[in-house]
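Chain and residue survey
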Amino acid sequence: MALFKKRTVGKPGEWYYCLEHKKVEEGPECPNKDRFGPYATRTEAEHAMETARERNLEWETDPKWHDAAAKNDDEA
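Residues numbered from 1 in each chain as written. Predicted model: local features only at pLDDT ≥ 70, side-chain atom pairs only at ≥ 80, totals over all residues. Heavy atoms only, no water.

The subject of this paragraph is unusual backbone geometry. A cis amide bond links G37 with the next residue in sequence, P38, at an omega value of 10 degrees. Structurally, the position occupied by P38 is in strand β3 (residues 35-39). One non-glycine residue, K22, adopts positive backbone phi at about 55 degrees. The residue K22 is located in the loop between β1 (15-18) and β2 (23-26) in this model. Relative accessible area serves as the criterion here: at 60%, K22 is assigned to the exposed category. (Helix = DSSP H or I, 4+ residues; strand = E, 2+ residues; numbered from the N terminus. Buried < 20%, exposed > 50% of the residue type's maximum accessible area, 1.4 Å probe, protein only.)

So this is what it looks like as structure tokens:
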């Protein structure tokens with residue numbers, strides 16, 4: 001039995017978005033694997049899922065990424 005609870009690492013004033021609880025946290029409350037951040041402001045953390053969707057879309061439609069994949073398929 002542990003005598004001390006292991007605390008997550010972070011600083012007050014840093015904002016995180018918890019993926020498990022779907023909420024914004026100041027300073028990390030949940031483990032790294034369950035959160036996005038740190039963000040500089042609460043507003044940035046509130047929009048974390050939108051930011052992730054936008055970045056995923058950019059990545060999925062990046063012609064450089066798809067050109068490399070197509071080139072590798074042609075060589076096989």
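Turning our eyes to something else, we now look at the sheet that holds β3. Pairing between the strands of a sheet is mediated by backbone hydrogen bonds and can be parallel or antiparallel. Read across the open sheet, the three strands follow the order β2-β1-β3; overall the sheet is antiparallel. Two strands bound the open sheet, and with one partner strand each, they are β2 and β3. The sheet shows a mean angle of 25 degrees between the axes of neighbouring strands, direction not considered. Each of β1 and β3 touches helix α2 (residues 48-60); the most contacted strand, β3, lies at about 100 degrees to it. (Pairing = 2+ DSSP bridges. Axes fitted to C-alpha atoms, helices over the stretch in contact; angles between N-to-C directions. Contact = heavy atoms within 4.5 Å.)

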